[in-house]
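Per-entry structural report
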Amino acid sequence: MVGSGPILLGLVLLFGFLPFWIPNKTNPKRVDKEKPNFIVILADDMGWGDLGVNQPALASHTPNLDAMATDGVRFVDFHSAASTCSPSRASLLTGRLGIRNGVTHNFAVGSVGGLPLNETTLAEVLKRAGYITAVIGKWHLGHHDGHHPNARGFDYYYGIPYSNDMGCTDHPGCDIPPCLPCQGPNTTQQREQGGCYDKVALPLMENRAIVEQPLDLGTLTARFELKAEEFIKEARVREQPFFLYVALAHMHVPLSTHVSSQAPYTDGLREMDDLIGRIKDKAYNGADRNTLIWFTGDNGPWAEKCQFAGSSGPFVGSWQVAQGTHFVPLAHFPGYTINICTH
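Residues numbered from 1 in each chain as written. Predicted model: local features only at pLDDT ≥ 70, side-chain atom pairs only at ≥ 80, totals over all residues. Heavy atoms only, no water.

Under an unreviewed UniProt entry, the name given to the protein is Sulfatase N-terminal domain-containing protein, and the source organism is Hymenochirus boettgeri. Under the Cofactor (unreviewed entry) heading, UniProt states for the protein: "Ca(2+)". Of the protein, the UniProt comment under Sequence similarities (unreviewed entry) reads exactly: "Belongs to the sulfatase family." (UniProt positions renumbered as here; feature names shortened; annotations may be inferred.)

Some details on the packing of aromatic side chains
Under the criterion given, the structure shown has 6 aromatic pairs. Through successive ring pairs, a cluster of aromatic residues spans Trp139, Phe154, Phe243 and Tyr245. (Phe/Tyr/Trp six-rings, centres within 6.5 Å; stacked < 30°, edge-to-face > 60°.)

Thoughts on the nonpolar core
If you look at the biggest cluster of nonpolar residues, it comprises 45 residues, and the most contacted ones within it are Met46, Leu244 and Met272. Broken down by secondary-structure element, the contributors of at least two residues to this core are strand 1 (37-43), helix 2 (63-71), strand 3 (132-138), strand 4 (156-160), helix 7 (220-238), strand 7 (242-247), helix 8 (264-283) and strand 8 (291-297). Aside from chain neighbours lying at most four places away, what touches leucine 244 is Phe38, Ile39, Val40, Ala134, Ile136, Ala228, Phe231 and Ile232. (Core = buried A, V, L, I, M, F, W, Y, C linked by side-chain atoms within 4.5 Å. Buried < 20%, exposed > 50% of the residue type's maximum accessible area, 1.4 Å probe, protein only. Helix = DSSP H or I, 4+ residues; strand = E, 2+ residues; numbered from the N terminus. Contact = heavy atoms within 4.5 Å.)

Comments concerning the packing of helix 7 against helix 8
Where helix 7 contacts helix 8, the two axes come as close as 10 Å, and the packing angle between them is 15 degrees. Judged by the inter-axis angle, helix 7 sits roughly parallel to helix 8. Crossing handedness for the pair helix 7 and helix 8: right-handed. Contact residues: helix 7 offers Thr221, Glu225, Ala228, Glu229, Ile232 and Arg236, while helix 8 offers Glu271, Leu275, Arg278, Ile279, Lys282 and Ala283. The residue makeup of the contact of helix 7 with helix 8, split by class, is 5 nonpolar, 1 polar and 6 charged. (Axes fitted to C-alpha atoms, helices over the stretch in contact; angles between N-to-C directions. Parallel < 35°, antiparallel > 145°, perpendicular 65-115°, else oblique. Left-handed = near helix turned anticlockwise from the far one by under 90°. Nonpolar A, V, L, I, M, F, W, Y, C, P; charged D, E, K, R; others polar.)

Here's the deal with the side chain of aspartate 50
Note on placement: aspartate 50 falls in the loop between strand 1 and helix 2. With no salt bridge to any partner, buried aspartate 50 finds its closest opposite charge in arginine 270, at an N-O distance of 12 Å. A polar contact is formed between the side chain of aspartate 50 and the side chain of tyrosine 265, at a distance of 2.5 Å. Of note is the side chain of aspartate 50, whose polar atom sits 2.9 Å from the backbone nitrogen of serine 311. Residues within four places of aspartate 50 in sequence aside, it is in contact with Thr62, Tyr265, Leu269, Gly310 and Ser311. (Lys, Arg positive; Asp, Glu negative; His and termini not counted. Salt bridge = Lys/Arg side-chain N within 4 Å of Asp/Glu carboxyl O. Polar contact = N/O pair within 3.5 Å; in protein donor to acceptor, adjacent residues only side chain to side chain.)

Let's talk about the environment of glutamate 225
Within the element layout of this structure, glutamate 225 appears in helix 7. Residue classification places glutamate 225 among the buried residues on the basis of a relative accessible area of 17%. Spatially, the C-alpha atom of glutamate 225 lies 9.6 Å from that of valine 246, the residues being 21 residues apart in sequence. Here arginine 278 takes part through its side chain, which lies 2.8 Å from a polar atom of the side chain of glutamate 225.

Shown next as structure tokens:
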């Protein structure tokens, strides 16, 4: 199976339009009960080797994902559609590779375009099938005008418009590697050393409104959990099937956790796993199990970040060979990613 988008689109065609019914005795009045709910959780820059179930000989920091892998379905020969963020996300939502959908590079803070307007997204397909839709997290497919998620089939949007390193923050001490605040001395020097972007503060958006800028990255996890819970509750009140796309900021740098240790990446991995476990609990609350959860990664770890990057396990590529290293993160080209599906 190649490409994340076509697989998910196939699931929609199978479950969204053909008869698929799961008994739900707790709510016999539910509308469209032959249509399951979909939750797609996308990790950012997570490595194949970060998942405990993929490397059982090592200590696991992902108990919730390991449990999902054990109880659900694992796609063990599953490839990312691209090696960078925007193209892989465009493929996931359209079912088409970048050479076909036109997204072959990352969009930047100053980009005025985005996912081409003639492309159809999964959210648009599901809306026509009667679903309520939401994206919580990193969008990175254009944030102006018709490229905004609210114009691409999503009823609700809460999150950041691009990567969490594409903007300065007011709390550099929480970010690893650290970036300086928006205003301060030696900003240019820090940018050259650490890659920090100092021209525009990172915004947090709710639909088309900016609700916080600069964003406190340390609060993102709790906010994403709250908004996911609110959306799931709203969909149940409406008795309407839902599609929730959770595009995490984990495990992209800068890493931002509330735990202080010598292993910030491991802390972030545990924080992400805990968040996924809580979202799963909210989705499966009560006897209503008519929900399919799919977890995957966008493109593999960002190898150049060294101790702040994940592990690609045994899938060593040309960059690692050139560095004379093995069993380190994958970079520069499409590679293995993590895919778990449970319901």
